[in-house]
Amino acid sequence: MPKALVIVSPATGRSAQETVREALGRHFAAARIEYEIHEPRRGDSFGAVVRGRLRDGFDLVVAAGGDGTVSAVIDGLAGSAVSLGIVPTGTANLIARELNIPLEIDGAVALIAGAPRSRKIDAMRIGERVYVLVAGVGISASVAGGTTRKNKNRFGVVAYLGATILKIFEFRSRHLEVAVDGVTQKYHAVEVAIANCGILARMLFPKGPDIRVDDGHLDVWILSTKTLLDYPRYLFRVITRRPASPRVHFIEARKRITIRSSVPLPVQADGDVIGTTPVEIDVVPGALNVLVPEKPAIAPGLTLARDIFMAQYLTYFRKSGASGKPRR
């Protein structure tokens, strides 16, 4: 009988937790999957928990939570033969969307129990930690550092959107040295992003390269600016889905990216500030197996980005009273 470890995020609401337990009880019992639920405490390292529990002979690990939870569980699974099942309970659920995993709890659990096909996905290693979505130096790190945990949990991607609007016109471009697979170039840039997730990539540069989570490499995106007008020009190109401006550079990375600056600058990965430059980012192709539907992943774009933002707003207002104030 297969044995599954289910990691349930402490940020998941009580109602969602009960729905997860009920769905597991029905679908896993029918599929004869033995399972154990683990609810880490806030502040625990999910990756360390997963690495420690794998010694107990689990055949499958399930992450029930938002993108932060899934990313942390992936850190514990990377390099192992144990597959990951995802039950999205967050607001954005970008990883689940990228892989076309059902966004409803019951559908996601049913998918895992139905023994679907698995898909190897890539990741990036920074220091001792593995990340899966995006890392960056510049505006994204400044935004991540200035966005409160409360707003991240409440609004997800929308929290970064609002903070970016406030930051984008005050952030000064920096002299950055970027080395990709041993080739070094110098840039005067406001952002160097290392993308592994197609959904995020298409939000930022809809006419950029075809970035996928399983293409065996990472994509480096560099946004250079000379004048203040370069910001609205770039945003206009994104909104109108026009090709990137000459000040946008894309570089494919298959082994390692190193970013240096004359003064230490914050570095963000998967939405959290993790340190300062210099930073080395290693490509981890085929880092782990994720259970996915037979149907191929959708092609994300601006319509999907709009849907994500709207879903987060609606989630928040459903939890609010008629006055618009959050319920306590």
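Up top is the structure.
Notes on the structure in this doc start here.

Procedures and definitions
- Residues numbered from 1 in each chain as written.
- Predicted model: local features only at pLDDT ≥ 70, side-chain atom pairs only at ≥ 80, totals over all residues.
- Heavy atoms only, no water.
- Helix = DSSP H or I, 4+ residues; strand = E, 2+ residues; numbered from the N terminus.
- Buried < 20%, exposed > 50% of the residue type's maximum accessible area, 1.4 Å probe, protein only.
- Contact = heavy atoms within 4.5 Å.
- Polar contact = N/O pair within 3.5 Å; in protein donor to acceptor, adjacent residues only side chain to side chain.
- 1 Å grid on protein atoms, 1.4 Å probe; cavity = no way out; pocket = protein on both sides within 12 Å on 5 of 7 lines; lining within 4 Å.
- Points joined across faces, edges and corners; volume = space filled by probe spheres on them.
- Nonpolar A, V, L, I, M, F, W, Y, C, P; charged D, E, K, R; others polar.
- Phe/Tyr/Trp six-rings, centres within 6.5 Å; stacked < 30°, edge-to-face > 60°.
- Lys NZ or Arg CZ within 6 Å of the ring centre and 35° of its normal.
- Pairing = 2+ DSSP bridges.
- Axes fitted to C-alpha atoms, helices over the stretch in contact; angles between N-to-C directions.
- Parallel < 35°, antiparallel > 145°, perpendicular 65-115°, else oblique.
- Left-handed = near helix turned anticlockwise from the far one by under 90°.
- Core = buried A, V, L, I, M, F, W, Y, C linked by side-chain atoms within 4.5 Å.
- Salt bridge = Lys/Arg side-chain N within 4 Å of Asp/Glu carboxyl O.

1. Some details on the environment of alanine 144
Phase 1 of the analysis: Mapped onto the elements, alanine 144 comes out in helix α6 (residues 139–146).
Phase 2 of the analysis: Considered as a pair, alanine 144 and isoleucine 274 are 130 residues apart in the sequence and their alpha carbons are 10.0 Å apart.

2. Notes on the environment of glutamate 36
Phase 1 of the analysis: Here glutamate 36 is to be found in strand β2 (residues 34–38).
Phase 2 of the analysis: Residue classification places glutamate 36 among the partly exposed residues on the basis of a relative accessible area of 30%.
Phase 3 of the analysis: As a C-alpha pair, glutamate 36 and lysine 3 span 33 residues in sequence and 8.0 Å in three-dimensional space.
Phase 4 of the analysis: Among residues more than four places away in sequence, those in contact with glutamate 36 are Ala4, Leu5, Val6, Arg53 and Phe58.
Phase 5 of the analysis: A distance of 2.8 Å separates a polar atom in the side chain of glutamate 36 from a polar atom in the side chain of arginine 53.

3. Regarding the layout of surface pockets
Phase 1 of the analysis: Volume-wise, the second largest pocket comes out at about 170 Å³.
Phase 2 of the analysis: When its residues are assigned to classes, the lining of the second largest pocket shows eight nonpolar, one polar and one charged.

4. Some points on the environment of proline 209
Phase 1 of the analysis: The topology assignment puts proline 209 in the loop between α9 (198–204) and β10 (218–224).
Phase 2 of the analysis: The partly exposed category is assigned to proline 209, whose relative accessible area is 30%.
Phase 3 of the analysis: Separated by 42 residues in the primary sequence, proline 209 and isoleucine 251 place their C-alpha atoms 9.5 Å from one another.
Phase 4 of the analysis: Apart from residues lying up to four places away in sequence, proline 209 is in contact with Asp219 and Phe250.

5. Some thoughts on the packing of aromatic side chains
Phase 1 of the analysis: Tallied over the entire structure, the rule returns one aromatic pair.
Phase 2 of the analysis: On the numbers, 5.6 Å between centres and 85 degrees between planes, the contact of phenylalanine 28 with tyrosine 35 is edge-to-face.
Phase 3 of the analysis: Classification of phenylalanine 28 by relative accessible area gives buried; the value is 0%.
Phase 4 of the analysis: You can call tyrosine 35 partly exposed: its relative accessible area is 31%.
Phase 5 of the analysis: Over the face of the ring belonging to phenylalanine 58 we find lysine 3, whose NZ or CZ atom lies 4.8 Å from the ring centre.

6. Quick notes on the pairing of strand β3 (residues 60–65)
Looking along a regular strand, one sees side chains alternate from face to face of the sheet.
Phase 1 of the analysis: Of all six residues in β3, six are buried, a share of seventy percent or more.
Phase 2 of the analysis: The alternating pattern of β3 places Leu60, Val62 and Ala64 on one face and Val61, Ala63 and Gly65 on the opposite face, and all of these are buried.
Phase 3 of the analysis: Taken together, the five bridges between strand β1 (residues 3–8) and β3 define a ladder with parallel strand orientation. Paired with alanine 4 across the two strands is leucine 60, which belongs to β3.
Phase 4 of the analysis: Strand direction decides the pairing type here: β3 and strand β4 (residues 83–88), joined by six bridges, are parallel. Each residue of the ladder has a partner; that of alanine 64, found in β4, is valine 87.

7. Describing the packing of helix α2 (residues 46–53) against helix α3 (residues 67–77)
Phase 1 of the analysis: At a closest axis distance of 7 Å, the pairing of α2 and α3 adopts a crossing angle of 40 degrees. Put simply, α2 runs oblique to α3. At the point where α2 passes α3, the crossing takes the right-handed sense. Contacts between α2 and α3 involve Phe46, Gly47, Val50 and Arg51 from the former and Thr69, Ala72, Val73, Asp75, Gly76 and Leu77 from the latter.
Phase 2 of the analysis: Residue classes in the contact of α2 with α3 are distributed as five nonpolar, three polar and two charged.

8. Remarks on unusual backbone geometry
Phase 1 of the analysis: Of note, the amide linkage connecting threonine 277 to proline 278 takes the cis form, showing an omega dihedral of 5 degrees.
Phase 2 of the analysis: By secondary structure assignment, the location of proline 278 is in the loop between β14 (272–276) and β15 (279–292).
Phase 3 of the analysis: Despite not being glycine, asparagine 100 has its phi angle at roughly 65 degrees, a positive value.
Phase 4 of the analysis: Residue position: asparagine 100 is located in the loop between α4 (94–98) and α5 (105–113).
Phase 5 of the analysis: One non-glycine residue, aspartate 270, adopts positive backbone phi at about 50 degrees.
Phase 6 of the analysis: Within the fold, aspartate 270 resides in the loop between β13 (266–269) and β14.

9. As for the nonpolar core
Phase 1 of the analysis: Grouped together as the largest cluster of nonpolar side chains are 65 residues, with contacts concentrated most on Phe28, Leu84, Ile86, Val87, Leu99 and Val290.
Phase 2 of the analysis: Setting aside its immediate chain neighbours within four residues, valine 290 contacts Leu84, Ile86, Leu99, Ile101, Arg117, Ser118, Arg119 and Ile121.
Phase 3 of the analysis: Residues Met124, Ile257, Ile259 and Leu265 belong to the second largest nonpolar core, which totals 24 residues.

10. Things to note about the pattern of salt bridges
Phase 1 of the analysis: Going through the model one piece at a time under the given rule, you end up with 14 salt bridges.
Phase 2 of the analysis: A salt bridge links arginine 51 to aspartate 75; the nearest nitrogen and oxygen atoms lie 3.4 Å apart. Here the residue arginine 51 occupies a position in helix α2, and aspartate 75 occupies one in helix α3, the gap between them amounting to 24 residues.
Phase 3 of the analysis: By relative accessible area, arginine 51 is classed as partly exposed at 37%.
Phase 4 of the analysis: A salt bridge links aspartate 214 to arginine 212; the nearest nitrogen and oxygen atoms lie 3.6 Å apart.
Phase 5 of the analysis: Classification of aspartate 214 by relative accessible area gives partly exposed; the value is 29%.
Phase 6 of the analysis: Salt bridges here are not isolated pairs; linked through shared partners, they connect Arg119, Asp210, Arg212 and Asp214.

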